[in-house]
Amino acid sequence: MKFIFVTGGVLSGLGKGIIAASVGNILKRHGKKVFIMKFDQYYNVDAGTINPTEHGECFVTDDGAETDLDLGHYERFIDQSLSRQSSVMSGQIYQAILENERRGDYLGKTIQMIPHVTDEVKKRMLEAAKKSKADIVIVEIGGTIGDYEGAHFLEGIRQMRRDFGAENTLYLHVGFFPWMETTQELKTKPMQNSIRDLATYGITPDIVFCRADHPIDRKQLEKISVFCGIDEDAVIPVETLACVYEVPMLLEKFHLGAVVSRKLNLKLEKSDDEWQKLVDKIEADKPKIKIAIVGKYMDMRDTYISVTEALKSACWWNDLDLELGWIDSEKIEKQGAEKLLKDYTGIVVPGGFGNRGIEGKIATAKYARENNIPYLGLCLGMQIATIEFCRHVLGTADCNSEEFNPKTKNPVIHLMNSQTKIKEKGGTMRLGVYKCKLTPGTIAAKAYGQSMISERHRHRFEFNNKYRTRLEKAGLIVAGINPEQNLVEIIEIKNHPFFVASQFHPEFKSRPNRPHPLFREFIKTAKSIDK
Ligand code: GLN
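Criteria and thresholds
Residues numbered from 1 in each chain as written. Predicted model: local features only at pLDDT ≥ 70, side-chain atom pairs only at ≥ 80, totals over all residues. Heavy atoms only, no water. Axes fitted to C-alpha atoms, helices over the stretch in contact; angles between N-to-C directions. Helix = DSSP H or I, 4+ residues; strand = E, 2+ residues; numbered from the N terminus. Parallel < 35°, antiparallel > 145°, perpendicular 65-115°, else oblique. Left-handed = near helix turned anticlockwise from the far one by under 90°. Contact = heavy atoms within 4.5 Å. Nonpolar A, V, L, I, M, F, W, Y, C, P; charged D, E, K, R; others polar. Pairing = 2+ DSSP bridges. Salt bridge = Lys/Arg side-chain N within 4 Å of Asp/Glu carboxyl O. Buried < 20%, exposed > 50% of the residue type's maximum accessible area, 1.4 Å probe, protein only.

Chemist: How would you summarise the packing of helix α12 (residues 305–317) against helix α20 (residues 517–529) if you had to cite specific residues and measurements?
Modeler: Interhelical geometry of α12 versus α20 gives an angle of 55° and a closest axis separation of 8 Å. When the axis of α12 is compared with that of α20, the two are oblique. Classified by chirality, the crossing of α20 by α12 is right-handed. Residues Val 307, Ala 310, Leu 311, Ala 314, Cys 315 and Trp 317 of α12 pack against Phe 519, Arg 520, Phe 522 and Ile 523 of α20. Classifying every residue of the contact of α12 with α20 by side-chain character gives nine nonpolar, no polar and one charged.

What follows is the structure, encoded as structure tokens:
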């Protein structure tokens, strides 16, 4: 078992997750089996109950874990589905410890940070290593060195070297060189300090990544090497790039694979050039296509990160560059859909919760339907499209989702009985993968080229089958059904170039080099009708 630990210093938002994912990408392309985990400091048990405006998107795994958005990066970079074991939050650790304590597992003992909390932390890493059978488990530690809340993780990973030896453990640290405008130079001191802070936890990094928004000089890297005692070839400059998918190639340029292989005594195979081809495609000059995302978390765009990444890869696949417009659905309520959306070739209504901005999204779906503009609805975007169709085509003016109006006379989107009984909010939505049988001849069936698919869900409300026949008669096509529970999973609209909306979240399964079929076809259709 070999472990790579990734910590971050100086400040947050440096792209530590991208670097962890890129290391995974490199090792995987060189023939290794990898697994990636993220440890988050928060006392939440999972990310499902956190408002996306705090930490961005809640990513969902096949097995239904509601996780930090970094898991999405990992899956996209290593092209591999992860599991519940990949996302650990402090709340989970403490919950387990308190349950053990009550059960009497520690009878007679005083429960302490060391060894009880740290053992629980290490246990998660070992279990993931065993279950995944990976050659290397990459463990990203959330937060920034010096945070009070991260100490138990740092002590845990420090002990891992004692437990498994230097040949099987590697410490990576990501820091930052700020730019001084007055002297026109990058400064290395904060990075040095963060490496020193890490040393106070008993960890000296083996490899450091120096992030900067300006060109890095050899001299600055030497300074880090000399002052912090790090091998010269293990101080790696990571200047900000136009696209995150270029990061693995940049790290390869600095021979990261060779450094890791030396330090972990790993034999790496030669890699293929598939990723380089993706990067070449991304960097090539391409025409732009204007796509609008109509949502409500406009000041926290990370909320839609899997959606935007899926759109980008669908554009690259179609030899286009994405020009994304962020449209606040509350603005549509005030100014009308036409005014704000007329310049876009395609419209996406992504997932969301709660009442705010809902009417603006309904107006968006109406505008797309009536004007033959390609529309892709994702979870809430499907519920919205159903409500819109029911109101304006069927003429049921007072229809709604029970989420937005619990007393509506026509709950075309409703809570199923199994959900009405639920009292606890955490982890109780319809989560993870469910099967979906596609209706032959539909846009969805053609896009997938398969009759049975499985996709990831995260929602509480469902299409109400009571309205199905009437809606179908009026021109709504049910393009996918969950066979076990007879739930409508995909809808389309007759005689529209592309109006497809799914109850699941296709964006979670999209990969940069393998765009999701629905996104790929959405962009393909938009491209074909772009003026
Ligand atoms: N709010 C809706 C539900 O709970 C949609 C959720 C979503 O878009 N993920 O069913």
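Chemist: Any details on the sheet that holds strand β6 (residues 136–141)? Residues and values, ideally.
Modeler: Hydrogen bonding along the main chain pairs the strands of a sheet, whether they run parallel or antiparallel. Taken in spatial order, the seven strands of this open sheet run β5-β2-β6-β1-β7-β10-β11, and their pairing is parallel. With one partner strand each, in any of the chains shown, β5 (87–89) and β11 (235–239) form the two edges of the open sheet. Each strand axis lies, on average, 20° off the axis of its neighbour in the sheet, ignoring direction. As defined by bridge partners, strand β10 (residues 207–212) adjoins β11 across five bridges and the pair is classed as parallel. The partner of Ala 212 across the bridge, within β11, is Glu 239. Helix α1 (residues 16–29) contacts β1 (2–8), β2 (34–40), β6, β7 (169–176), β10 and β11 of the sheet and is inclined by roughly 175° relative to β6. Packed on one face of the sheet, helix α6 (residues 151–164) meets β1, β2, β6 and β7 and runs near 145° to β7.

Chemist: Talk me through the pattern of salt bridges; I want residue IDs and the actual numbers.
Modeler: On inspection of all chains with the given rule, the structure shows 38 salt bridges. Measuring nitrogen to oxygen at the nearest pair gives 3.1 Å for the salt bridge that ties Lys 16 to Glu 140. A residue pair is termed long-range when its members are at least 10 positions apart, and Lys 16 in helix α1 and Glu 140 in strand β6 qualify at 124 residues. Take Lys 16 and Glu 140: they sit in the same class, and that class is buried. The partner of Arg 391 in a salt bridge is Glu 359, with the nearest N and O atoms 2.9 Å apart. With Arg 391 in helix α16 (residues 380–392) and Glu 359 in helix α15 (residues 358–370), the pair connects residues that are 32 residues apart, well separated along the chain. Look at Glu 359 and you get partly exposed, because its relative accessible area is 40%. Taken together, the shared-partner salt bridges in this structure form one network comprising Lys 16, Lys 38, Asp 40, Asp 68, Asp 70 and Glu 140.

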